[in-house]
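Architecture and fold: a report
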Amino acid sequence: MASIQASVKNKVRETTGRMVEINVDERLILPFGNLKVIVQNYNSILTLSHLYRSSDALLVHENDAVHKICAKLMNIKQISFSDINQVLAHQLGSVFQPTYSAEGSFHYRRNPLGDLMENLVPHPEFKMLGVRNIPQMSENSLAYSTFTWAGLLKHLRQMLISNAKMEEGIDWQIRPPLPGLPSLSKMSLNKELHFNTSIANLLILRGKDVHSADLEGFKDPALYTSWLEPVNAFNVWRTQRAFSKYEKSAALVSNSQFLVKPLDMIVGKAWNMFASKAYVHQYTKFGIEEEDFLDSFALLEQVVASYCTL
């Protein structure tokens, strides 16, 4: 289905002309890392490269991360696709449910997708967006839980900089790099990224006393790439209406290095197979040439390299 969507988007672009901009925020699900489908990495790089060309932004979810949320936070023993979709729906709802259009306004946003693009995609080379939510838990646990904005935002900030997908298991040892020292993210691709550098972040607060939340931790210049000022890199949306059954909740949509490691892994596995010509014939007989693979590799390797140099 994702491949069909990519093809349709390309046709729309060709038909309307390149002078006509289409605001598209495509939702993309990254496959399970241990899924035993031999050609899934081929499918991933071909689809993602086409979507990257035809979309203005990609809102990426990782199946592995969503599965862990179901198991660890929601306490689900037998996880079904319905459970996974429920978590995804919760994440999307926390972002796209109505919020006020400006500080002190009583009017809701009329164009949340356009506002999302304006806040998070300042450069067309960087289109990867990820979502983090806090809190997220089973209804049984929620009944015995209380939340403060200070606690929620402290955890959410650390989830961002340590690239944690959920609040359980956060690495609290990771800190922003000190001024004048090279970021770990600028090291070789062969070394695991530690601190997660951001281009831009959008914080969405919902619930009681939203205007009392202290947001200074997200305005720290050390969190962001040097070519964008924090005043332009960080934005906040708010509403006093609670989301779901949470008295207070926060969502963070981030354009950051969060996808570098899994994307580099997918490209690497696909390239190893392609180098030995494994299963390539299954694609060429349907009109996909080796040049199409090479174009996809080149684009995604450039995406990984660009995010690594933030």
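Treat the numbers as computed from the prediction; the structure is a model and nothing was measured. (Residues numbered from 1 in each chain as written. Predicted model: local features only at pLDDT ≥ 70, side-chain atom pairs only at ≥ 80, totals over all residues. Heavy atoms only, no water.)

**Examining the overall build of the chain**
Within the chain, the secondary structure is distributed over 11 helices and 6 strands. A burial count over the chain gives 48% of its 310 residues as buried. Within the chain, residue pairs in contact and separated by at least 24 positions form 78% of the contacts whose partners lie at least 6 positions apart. When the accessible surface of the chain is split by element, carbon and sulfur atoms take 54% of a total near 16300 Å². (Helix = DSSP H or I, 4+ residues; strand = E, 2+ residues; numbered from the N terminus. Buried < 20%, exposed > 50% of the residue type's maximum accessible area, 1.4 Å probe, protein only. Contact = heavy atoms within 4.5 Å. Areas by Shrake-Rupley, 256 points an atom, 1.4 Å probe, with all protein chains shown as cover.)

**Quick notes on the environment of Leu 129**
With respect to the helices and strands, the residue Leu 129 is situated in strand 3 (residues 128-134). Sequence separation between Leu 129 and Ala 57 is 72 residues, and the spatial gap between their C-alpha atoms is 7.1 Å.

**As for the pairing of strand 3**
Burial analysis of strand 3 places 7 of its 7 residues in the buried class, which makes it a mostly covered element. Both faces of strand 3 are covered, namely the face carrying Met 128, Gly 130, Arg 132 and Ile 134 and the face carrying Leu 129, Val 131 and Asn 133. Bridge count for strand 2 (residues 57-62) against strand 3 is 3 bridges, and the pairing is parallel. When the bridges of strand 3 are listed, Val 60 appears paired with Gly 130. Pairing between strand 3 and strand 6 (residues 248-256): 5 bridges, direction antiparallel. In the strand pairing of strand 6, Val 131 is matched with Val 253. (Pairing = 2+ DSSP bridges.)

**So, the packing of aromatic side chains**
Taken as a whole, this structure holds 11 aromatic pairs when the rule is applied. Centre to centre, the rings of Phe 126 and Trp 227 are 5.9 Å apart; their planes meet at 40 degrees, and the pair counts as tilted. Of this pair, Phe 126 sits in the loop between helix 5 (112-120) and strand 3 while Trp 227 sits in the loop between strand 4 (198-207) and helix 8 (230-233); the two residues are 101 residues apart in sequence, bridging distant segments of the chain. A cation over an aromatic ring shows up here: Lys 127 above the ring of Tyr 52, its NZ or CZ 5.1 Å from the ring centre. Geometry around Phe 274 places Lys 277 over its ring, the cationic atom sitting 4.9 Å from the centre. (Phe/Tyr/Trp six-rings, centres within 6.5 Å; stacked < 30°, edge-to-face > 60°. Lys NZ or Arg CZ within 6 Å of the ring centre and 35° of its normal.)

**Structural notes on unusual backbone geometry**
With an omega of -5 degrees, the peptide bond between Ile 134 and Pro 135 qualifies as cis. If you trace the backbone, Pro 135 turns up in the loop between strand 3 and helix 6 (139-142). Within the chain, Asn 75 stands out as a residue other than glycine whose phi angle is a positive 55 degrees. Relative to the assigned elements, Asn 75 resides in the loop between helix 3 (63-73) and helix 4 (81-96). What makes Asn 75 partly exposed here is its relative accessible area of 43%. With a phi angle near 60 degrees, Asp 209 is a residue other than glycine that sits in the positive phi range. Relative to the helices and strands, Asp 209 is located in the loop between strand 4 and helix 8. Exposure remark for Asp 209: the relative accessible area of 44% places this residue in the partly exposed category.

**A look at the side chain of Thr 225**
In this structure, Thr 225 sits in the loop between strand 4 and helix 8. Under the relative-accessibility criterion, Thr 225 is labelled buried at 4%. Of the polar contacts made by the side chain of Thr 225, one reaches the side chain of Trp 227; its length is 3.0 Å. In this structure, Thr 225 is in contact with Thr 197, Ser 198, Ile 199 and Leu 310, ignoring residues within four places of it in sequence. (Polar contact = N/O pair within 3.5 Å; in protein donor to acceptor, adjacent residues only side chain to side chain.)

**Brief notes about the nonpolar core**
Of all hydrophobic cores here, the largest spans 78 residues; its most connected members are Met 128, Leu 203 and Val 253. The element that contributes the greatest number of residues to this core is helix 11 (residues 290-308), accounting for 8 residues. Discounting chain neighbours no more than four positions away, the residues touching Met 128 are Leu 48, Tyr 52, Leu 58, Val 60, Ser 254, Asn 255, Ser 256, Phe 258, Leu 259, Leu 263, Val 303 and Tyr 307. Listed in part, the 8 residues of the second largest apolar core include Val 66, Cys 70, Leu 73 and Leu 88. (Core = buried A, V, L, I, M, F, W, Y, C linked by side-chain atoms within 4.5 Å.)

**Some thoughts on helix 2 (residues 40-54)**
End to end, helix 2 covers 21 Å across 15 residues, agreeing with the expected 21 Å (1.5 Å per residue, within 8%). Taking burial as the measure, the 15 residues of helix 2 include 12 buried ones, the bulk of the element. Among the residues of helix 2, those classed as buried are Gln 40, Asn 41, Tyr 42, Ser 44, Ile 45, Leu 46, Thr 47, Leu 48, Ser 49, Leu 51, Tyr 52 and Ser 54. (Expected span 1.5 Å × (residues − 1).)

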